[in-house]
Amino acid sequence: MDRVAGGVNGGQLAVFNSMRRRATGEGIPVYLVGGPVRDAVLNVPTRDLDFVLIGDAPALAADVADELGGQATVHPRFGTATVEVEGHRMDVVTARKESYPSPGSLPEVSASNLDDDLARRDFSINAMALPLSGDSPEVIDPHGGLDALAGKSVGTLHPSSFADDPTRMLRAVRYEQRLGFQITTDALSEMQQAINGGHADAVSGDRWRQEFQKIFEEDRAAEMLLRGIELGALAAIHPVLTDGKGLTRLAGEGDLGPNDFLVALAGSLSAVVGDGFARRLNLPTDWAQVVRDTIALREKQSAISGRSVMPSAVCAALDGLNPDAIAASVRFTDDPQVAARLRRYLDEWRLVSPALTGDDLLVMGVPSGPMVGEALRELTSAKLDGLVSGEEGERTLVHQIILRGS
Ligand code: ATP
């Protein structure tokens with residue numbers, strides 16, 4: 001208990017203390033569950049506090065939020081709620097039982113007791129609870145979670161766990177790589193059976209994407225994805241996800257974001273296959289564009305490689321592509337000269353514009369219509385390539401354009 005209290009602060013600590021007071025003073029059967037219990041036993045920092053209540057979780061969440069001047073978002077139909085205090089969000093859920101009508105489908109859910117709630121969880125290390133009443137409560141551990149933590153292993157609660165919910169394949173590699181554990185041999189063969197059974201196909205793109213998103217936020221995301229490739233879990237999600245070359249470059253690197261992983265996963269695909277990947281994961285528009293433009297950029301690389309490529313030619317090739325896609329692609333560009341051009345494009349060239357405006361050109365006698373835009377583009381190119389400098393230089397070029405056009 002002290003480890004949990006010592007590892008959290010601000011809004012999290014306030015909610016934790018309020019729950020403890022209610023558990024001890026009013027006898028409310030509320031427990032800390034899953035990640036925070038695991039992390040307290042391991043004595044590592046925890047991210048979220050998750051609470052489970054044998055009873056009406058939305059009502060409890062609303063009371064706690066009222067007491068602490070926070071906000072509760074409740075979903076009475078699902079028996080779930082989120083309390084937000086001082087910018088910290090915590091889940092409070094009614095203990096429930098889940099059953100899967102068919103592999104990969106969403107579970108049928110009904111309110112139940114703590115045993116059932118722990119039995120629905122993914123791995124034994126996440127299937128422990130800590131009662132919040134009393135000074136030194138014991139961890140409730142019906143599935144061997146403490147032994148698994150001691151043995152540094154990630155194991156399921158039953159053999160059909162991955163078939164019931166194939167997203168657990170990504171969760172398994174996430175915990176394994178985050179904690180420096182090993183997925184048990186039993187769990188590996190259960191995973192293989194779920195892959196062979198094709199159950200991943202039954203899972204929606206949104207659910208897969210959410211698990212990818214959770215991985216993208218982890219420090220060892222590249223290692224997690226590489227492990228997923230090694231085990232065939234990623235190929236079960238989409239058959240093209242078999243190549244770890246891009247990810248290998250990201251392993252051990254800091255300060256990475258979703259775009260880096262998207263480029264590593266999909267940057268070497270063809271345009272058609274890349275679109276299929278984006279559709280399978282139902283990627284949001286900005287992520288789908290990063291995938292599309294990364295592939296487009298790769299196909300345009302020949303236009304910007306070689307010894308004498310003018311900046312205007314680089315801009316002509318790259319203008320219109322998403323700058324985030326270009327930035328994330330730099331790391332995967334083998335040719336240092338091309339990589340340097342991509343960087344200069346992003347930092348400098350794409351921001352170049354003439355000193356003269358369209359109105360200036362009209363005053364100087366350029367006829368209104370398409371010629372204004374063409375003249376501005378020519379001015380930009382000339383400025384990029386160092387053929388004109390300063391407003392006077394630009395005016396001279398405009399006079400030449402007018403003479404040429406008349
Ligand atoms: P942590 O386990 O560190 O909290 P996290 O925040 O990514 O990591 P969540 O994905 O929010 O974890 O899951 C919280 C808890 O909910 C897990 O510890 C697990 O007990 C349970 N859980 C989440 N997803 C599943 C699933 N697909 N199947 C079974 N249990 C799950």
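Residues numbered from 1 in each chain as written. Predicted model: local features only at pLDDT ≥ 70, side-chain atom pairs only at ≥ 80, totals over all residues. Heavy atoms only, no water.

Student: Mind laying out the site of the ligand, listing which residues take part and the relevant values?
Tutor: For the ligand, the set of nearby residues contains 17 residues, the closest of which are Arg-38, Asp-165, Arg-174, Tyr-175 and Lys-214. A distance of 3.3 Å is found between an oxygen atom of the ligand and a side-chain nitrogen or oxygen belonging to Asp-48. Between Arg-171 and the ligand, the recorded distance is 2.9 Å, taken from a side-chain N or O atom to an oxygen atom. Considered on its own, the ligand offers 590 Å² of accessible surface; in the complex 83% of this is hidden by protein. When atom positions are compared with the pocket grids, the ligand is found to occupy the largest pocket. Of all the secondary-structure elements, those providing two or more residues to the shell around the ligand are α3 (35-42) and α8 (168-179). A total of five residues in the shell around the ligand trace back to one element, the largest contributor, which is α8. (Near = heavy atom within 4 Å. Polar contact = N/O pair within 3.5 Å; in protein donor to acceptor, adjacent residues only side chain to side chain. Areas by Shrake-Rupley, 256 points an atom, 1.4 Å probe, with all protein chains shown as cover. 1 Å grid on protein atoms, 1.4 Å probe; cavity = no way out; pocket = protein on both sides within 12 Å on 5 of 7 lines; lining within 4 Å. Sits in = over half its atoms within 2 Å of the grid points. Helix = DSSP H or I, 4+ residues; strand = E, 2+ residues; numbered from the N terminus.)

Student: Which residues make up the pairing of strand β2 (residues 50-53), and what values go with them?
Tutor: Bridge count for strand β1 (residues 30-33) against β2 is three bridges, and the pairing is antiparallel. Looking at the pairing, Leu-32 lines up with Phe-51 of β2. (Pairing = 2+ DSSP bridges.)

Student: Which residues make up the nonpolar core, and what are the values?
Tutor: One broad rule of soluble globular proteins: the nonpolar side chains tend to lie buried together. Phe-51, Phe-212 and Phe-277 are the most contacted members of the largest nonpolar core, which totals 85 residues. Both of domain 1 (1-145) and domain 2 (285-351) provide at least three residues apiece to this core. Aside from chain neighbours lying at most four places away, what touches Phe-51 is Val-15, Phe-16, Met-19, Val-30, Tyr-31, Leu-32, Val-33, Met-90, Asp-91, Val-92, Val-93 and Leu-132. Listed in part, the 17 residues of the second largest apolar core include Ile-304, Ala-317, Leu-318 and Leu-342. (Core = buried A, V, L, I, M, F, W, Y, C linked by side-chain atoms within 4.5 Å. Buried < 20%, exposed > 50% of the residue type's maximum accessible area, 1.4 Å probe, protein only. Domains from an automatic or database assignment. Contact = heavy atoms within 4.5 Å.)

Student: How would you explain the sheet that holds strand β3 (residues 71-75) if you had to name every residue and give the values?
Tutor: The strand order across the open sheet built from six strands is β3-β4-β5-β2-β1-β8, with neighbouring strands paired in mixed fashion. Each end of this open sheet is capped by a strand with a single partner; those strands are β3 and β8 (129-131). For this sheet, the mean angle separating the axes of adjacent strands, direction not counted, is 25 degrees. In the packing of helix α2 (residues 10-25) onto the sheet, contacts are made with β1, β2, β4 (80-85) and β5 (88-94), and the angle to β5 comes to roughly 30 degrees. Relative to β4, helix α4 (residues 57-68) is tilted by about 10 degrees, and along the sheet it contacts β1, β2, β3, β4 and β5. (Axes fitted to C-alpha atoms, helices over the stretch in contact; angles between N-to-C directions.)

Student: Could you give an account of unusual backbone geometry, naming the residues involved and the relevant values?
Tutor: Even without being a glycine, Asn-43 presents a positive backbone phi close to 60 degrees. Along the polypeptide, Asn-43 turns up in the loop between α3 and β2. Exposure remark for Asn-43: the relative accessible area of 54% places this residue in the exposed category. With phi around 50 degrees, Glu-86 is a residue other than glycine that occupies positive phi space. Topologically, Glu-86 is positioned in the loop between β4 and β5. Residue classification places Glu-86 among the exposed positions, given a relative accessible area of 62%.

Student: Lay out the packing of aromatic side chains with the relevant residues and their values.
Tutor: Summed over the entire model, instances satisfying the criterion amount to five aromatic pairs. Measuring from centroid to centroid gives 6.3 Å for Phe-123 and Phe-162, while their planes differ by 50 degrees, and the two rings are tilted. Separated by 39 residues along the polypeptide, Phe-123 in the loop between α5 (114-119) and β8 and Phe-162 in helix α7 (residues 161-164) bring together distant segments of the chain. Accessibility classification places Phe-123 together with Phe-162 in one group, the buried group. Measuring from ring centre to ring centre gives 6.1 Å for Phe-212 and Phe-216, while their planes differ by 45 degrees; the resulting arrangement is tilted. On the criterion of helical spacing, the pair formed by Phe-212 and Phe-216 is a turn pair, its members being four residues apart in helix α10 (residues 205-216). Just as Phe-212 is buried, Phe-216 falls in that class too. Each member of the aromatic cluster is reached from another via a ring pair, and the members are Phe-212, Phe-216, Phe-261 and Trp-287. Its end group placed over the ring of Tyr-175, Arg-174 keeps NZ or CZ at 5.1 Å from the ring centre. (Phe/Tyr/Trp six-rings, centres within 6.5 Å; stacked < 30°, edge-to-face > 60°. Lys NZ or Arg CZ within 6 Å of the ring centre and 35° of its normal.)

Student: Quick one: what's the story with the layout of surface pockets, residue by residue and with numbers?
Tutor: Of the pockets and cavities examined, the largest pocket occupies roughly 1800 Å³. In this structure, the largest pocket is lined by 44 residues; those nearest its centre are Asp-91, Arg-120, Arg-171, Glu-211 and Lys-214. Of all the elements in the fold, those that place two or more residues in the lining of the largest pocket are α3, β2, β4, β5, β6 (96-99), α8 and α10. For the lining of the largest pocket, the leading source of residues is α8, giving five residues. Partitioned by chemical class, the residues of the lining of the largest pocket number 13 nonpolar, eight polar and 23 charged. Empty space within the second largest pocket amounts to approximately 340 Å³. For the lining of the second largest pocket, the secondary structure elements donating two or more residues are α13 (245-250), α14 (258-266) and α16 (285-300). Looking at the lining of the second largest pocket residue by residue, the classes come out as four nonpolar, seven polar and five charged. (Points joined across faces, edges and corners; volume = space filled by probe spheres on them. Nonpolar A, V, L, I, M, F, W, Y, C, P; charged D, E, K, R; others polar.)

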